[in-house]
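Residues per chain, in single letters:
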Amino acid sequence: MPQPPIKPIWAGGKDPNNPGKTPGLDPKRGYRFILFLDGVPSYFVISSQVPGYTVGEGGTHKFLGHEFRFPGAVVWTKTIEVKLVDTIDYNMSQKLLDYIRKAGYVYPSNFNESQANPEYYRRTISKAKFPFGQVKIQRLDSDGKVFESWVLNNPWVSKADFGDADYTKEGLLNIGVTFTYDWAELRNEEDAIPPFPV
């Protein structure tokens, strides 16, 4: 006898893997998130990508008329892009320039800026000097509670797009920021405590 179709859990159905438990009826929503980036108020964030990964093909083995494939290394998506709104008072453009200067970038016009350090001009940029440590993207439920958190480890700014100057545009000026990172972690609600206030 054919079984009746399973009703989706968000339509009041039962979880087939746990029929005695009433499932949650709230799917994840794209707009319920908070991004934590050191020194940037979260309400300036417009959108953010989340991490992904690929698994390389580590090699193949042939036997008779068959071919068997084996997985290689896990490689996290190289970058994520974040879109921010710029403001006059807070000046996100200057903030992003300060990030790379703290990381070691020196303007060619500032080679002699530090009299105390005559070798100041020799500085070069370093990932370890970026002031982030981690970038966190927290997903929220309908009550505003964090149920999971993406954590980007060892991130650094690899690209900044400061928008356009255009007489025909009357909207807000947006900034695009690209972060490169080493690896990401998805943590559950118990580990998703915000590192600092929004």
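Residues numbered from 1 in each chain as written. Predicted model: local features only at pLDDT ≥ 70, side-chain atom pairs only at ≥ 80, totals over all residues. Heavy atoms only, no water.

Brief notes about the overall build of the protein
Phase 1 of the analysis: Along the protein, the regular secondary structure elements total one helix and 10 strands.
Phase 2 of the analysis: Listing each helix as α and each strand as β along the protein from the N terminus yields β-β-β-β-β-α-β-β-β-β-β.
Phase 3 of the analysis: For the protein, buried positions account for 25% of its 198 residues.
Phase 4 of the analysis: Of the roughly 13900 Å² of accessible surface on the protein, a fraction of 54% belongs to carbon and sulfur atoms. (Helix = DSSP H or I, 4+ residues; strand = E, 2+ residues; numbered from the N terminus. Buried < 20%, exposed > 50% of the residue type's maximum accessible area, 1.4 Å probe, protein only. Areas by Shrake-Rupley, 256 points an atom, 1.4 Å probe, with all protein chains shown as cover.)

So, the pattern of salt bridges
Phase 1 of the analysis: Under the definition given, this model contains seven salt bridges.
Phase 2 of the analysis: The partner of Glu67 in a salt bridge is Arg69, and the shortest N-O contact between them spans 3.1 Å.
Phase 3 of the analysis: Among the residues examined, Glu67 registers a relative accessible area of 34% and is labelled partly exposed.
Phase 4 of the analysis: What emerges from the salt-bridge pattern is a single network uniting Lys28, Arg139 and Glu148. (Salt bridge = Lys/Arg side-chain N within 4 Å of Asp/Glu carboxyl O.)

Re the sheet that holds strand 5 (residues 79-85)
Phase 1 of the analysis: With antiparallel pairing, the four strands of this open sheet are ordered in space as 2-5-9-8. Across the chains shown, the open sheet's two edge strands, defined by having one partner strand only, are strand 2 (45-48) and strand 8 (156-161). Here the average twist between neighbouring strands, direction ignored, is 25 degrees.
Phase 2 of the analysis: Looking at chain direction, strand 2 and strand 5 are connected through three bridges and run antiparallel. Across the sheet, residue Ser48 finds its bridge partner in strand 5, namely Val82. (Pairing = 2+ DSSP bridges. Axes fitted to C-alpha atoms, helices over the stretch in contact; angles between N-to-C directions.)

A few points about the side chain of Thr178
Phase 1 of the analysis: Tracing the chain through its elements places Thr178 in strand 9 (residues 174-180).
Phase 2 of the analysis: Classification of Thr178 by relative accessible area gives buried; the value is 9%.
Phase 3 of the analysis: Residues contacting Thr178, with those up to four places away along its chain left out, are Thr79, Ile80, Glu81, Trp156, Val157, Ser158 and Lys159. (Contact = heavy atoms within 4.5 Å.)

Some words on the packing of aromatic side chains
Phase 1 of the analysis: For the coordinates displayed, the defined rule picks out four aromatic pairs.
Phase 2 of the analysis: With centroids separated by 5.3 Å and ring planes inclined at 75 degrees, the aromatic side chains of Phe44 and Tyr90 adopt a geometry described as edge-to-face. Linking Phe44 in the loop between strand 1 (33-36) and strand 2 with Tyr90 in the loop between strand 5 and helix 1 (92-102), this pair joins segments that are 46 residues apart in sequence.
Phase 3 of the analysis: Tyr90 sits in the partly exposed class, given a relative accessible area of 30%.
Phase 4 of the analysis: Plain terms: the ring middles of Tyr53 and Trp76 are 5.7 Å apart, the flat faces sit at 70 degrees to each other, and that makes the pair edge-to-face. (Phe/Tyr/Trp six-rings, centres within 6.5 Å; stacked < 30°, edge-to-face > 60°.)

Some thoughts on unusual backbone geometry
Only a minority of non-glycine residues have a phi that is not negative, and only a minority of peptide bonds are not trans.
Phase 1 of the analysis: Phi is positive for Leu64, which is not a glycine, with a value near 55 degrees.
Phase 2 of the analysis: Mapped onto the secondary structure, Leu64 falls in the loop between strand 3 (53-63) and strand 4 (66-76).
Phase 3 of the analysis: The exposure class of Leu64 is exposed, given its relative accessible area of 75%.
Phase 4 of the analysis: For Asn91, which is not glycine, the phi dihedral falls at a positive 55 degrees.

Structural notes on the sheet that holds strand 1
Phase 1 of the analysis: The strand order across the open sheet formed by four strands is 1-6-7-10, and the pairing between neighbours is antiparallel. The open sheet has two edge strands with one neighbour each: strand 1 and strand 10 (183-188). This sheet shows a mean twist of 15 degrees between the axes of neighbouring strands, independent of strand direction.
Phase 2 of the analysis: Alignment of strand 1 against strand 6 (residues 134-140), held across four bridges, turns out to be antiparallel. When the sheet's bridge partners are listed, Ile34 is paired in strand 6 with Gln138.

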